[in-house]
Amino acid sequence: MTNSNSEATADGAASRSKTLIPLDLLRGFLIGSAELVPGVSGGTIALVTGVYDQLIDSAAHVVKAAKTVITGPDRWKGAVAELRRTDWFLVIPVLLGMATAVFSIAGVMEAFVTANPELARGLFFGLVAASIAVPLRMLPARTGQPVLLGAVVFLAAAALAFWMTSLAGGSDVSNPPLIVVFFVASIAICALVVPGVSGSFFLLAVGLYATTLRAVNDRDLVYIGVFGLGALLGLAVFVNILRYLLHNYRWWTLVAMAGLMLGSLRALWPWQSAGDAGGLLAPFDPVWLPILLSVIGAAIVVVLIIIESAFASKTVKDSLGEQ
């Protein structure tokens, strides 16, 4: 949760403790679970649990390795060098945790969100609302960035996310062409890695949310394979752009991320009409239970922030003690 996340280096894989593997498995499970819920971003959970920068950097190294194999120079030697810079003791447990979540609770999550929409949105509203503090806490010290312009960027990103989440009225497409699945997946994966932008919500907007969850639940390997290839393409194109922004325009990027997270709360307002795009309504029964779940969701995030901050402080002290 600290700015130390931005200091992830090429030797991160060597310095990461193997004792963190169980925790990283849990992080991956939480990220995967979040991506199953329209309106909740896996990127947000990665931010809250303190592994966002490391995952983006590692993904960029893998993408560069693949590019080096194809274009050179020093194809194999260069690719191996990039793969060695990848934090595999983080990436593999997180991916395993995500896969476990997707393949074990996709049907359960869809049923919970469908049967209890007010309760589900209440819980996730609290989670995301409290998570807005995370990118703001990660802001580096300002070096000339005007506060007023930063506020404009924050509000513009929030307005964009609010508008985007108002578009999710696509009807369910039961048998989409596989080429459509491929390109939809390549766009949805970009939403996965941006906090405040939900890949599941994008799938909902284009009518492939329920279709994709059914394919996962029914183990439709053709659909899953095509979706996975599309996701790899999107990740390869987008992750380097995001890494560049985080390393070169970190202050502005984090401000924009916080704004996207604020705007995405529109999708998670507990009380919405049942029609297309879910119009926002005043609270109706049930009232108190969604509010209670929202408070619980926010409290979970606060606890995670405190734990992550304490862990980061201990790591810094240990590093200083070894010097």
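Quick note: structure is the one above.
Basis of the calculations
Residues numbered from 1 in each chain as written. Predicted model: local features only at pLDDT ≥ 70, side-chain atom pairs only at ≥ 80, totals over all residues. Heavy atoms only, no water. Helix = DSSP H or I, 4+ residues; strand = E, 2+ residues; numbered from the N terminus. Expected span 1.5 Å × (residues − 1). Bend = angle between axes of the 7 residues up to and from the residue. Buried < 20%, exposed > 50% of the residue type's maximum accessible area, 1.4 Å probe, protein only. Salt bridge = Lys/Arg side-chain N within 4 Å of Asp/Glu carboxyl O. Axes fitted to C-alpha atoms, helices over the stretch in contact; angles between N-to-C directions. Parallel < 35°, antiparallel > 145°, perpendicular 65-115°, else oblique. Left-handed = near helix turned anticlockwise from the far one by under 90°. Nonpolar A, V, L, I, M, F, W, Y, C, P; charged D, E, K, R; others polar.

## Description of helix α6 (residues 88–115)
In this model α6 runs 38 Å from its N-terminal to its C-terminal C-alpha over 28 residues, within 8% of the 40 Å that 1.5 Å per residue would give. By the largest-angle criterion, isoleucine 105 marks the main kink of α6, which is about 65°. Buried within α6 we find Leu90, Val91, Pro93, Val94, Gly97, Met98, Ala101, Ile105, Ala106 and Met109.

## Quick look at the pattern of salt bridges
If you walk through the whole model with that rule in mind, you get five salt bridges. With a closest N to O distance of 2.9 Å, arginine 250 and aspartate 53 form a salt bridge. Taken together, the residues arginine 250 in helix α14 (residues 250–264) and aspartate 53 in helix α4 (residues 52–71) connect sequence positions 197 residues apart. Classification of aspartate 53 as buried rests on a relative accessible area of 5%. The residue glutamate 82 makes a salt bridge to arginine 85 at a minimum N-O spacing of 3.3 Å. One continuous salt-bridge network, built from bridges that share partners, spans Lys64, Glu82 and Arg85.

## Points about the packing of helix α2 (residues 21–35) against α6
For the pair α2 and α6, the least separation of the axes is 6 Å and the interaxial angle reads 40°. In terms of their interaxial angle, α2 and α6 are classed as oblique. The chirality of how α2 crosses α6 is right-handed. In terms of residue class, the contact of α2 with α6 is made up of 14 nonpolar, six polar and one charged.

## Some points on helix α7 (residues 117–131)
If you check α7, its first and last C-alpha atoms are 21 Å apart, about what 15 residues at 1.5 Å a residue would give, namely 21 Å. For α7, a buried count of 12 out of 15 residues is recorded, marking the element as mostly surrounded by other parts of the structure. For α7, the full list of buried residues reads Glu118, Leu119, Ala120, Arg121, Gly122, Phe124, Phe125, Gly126, Leu127, Val128, Ala130 and Ser131.

## Digging into the environment of isoleucine 307
Structurally, isoleucine 307 is set in helix α15 (residues 288–322). For isoleucine 307, a relative accessible area of 52% corresponds to the exposed category. Sequence spacing of isoleucine 307 and threonine 49 is 258 residues, and the spatial spacing of their C-alpha atoms is 9.1 Å.

## Details of unusual backbone geometry
A cis amide bond links aspartate 285 to the next residue, proline 286, at an omega of 0°. Despite not being glycine, arginine 219 has its phi angle at roughly 55°, a positive value. As for its placement among the helices and strands, arginine 219 is situated in the loop between α12 (209–217) and α13 (221–248). Judged by relative accessible area, arginine 219 falls into the partly exposed class, the value being 41%.

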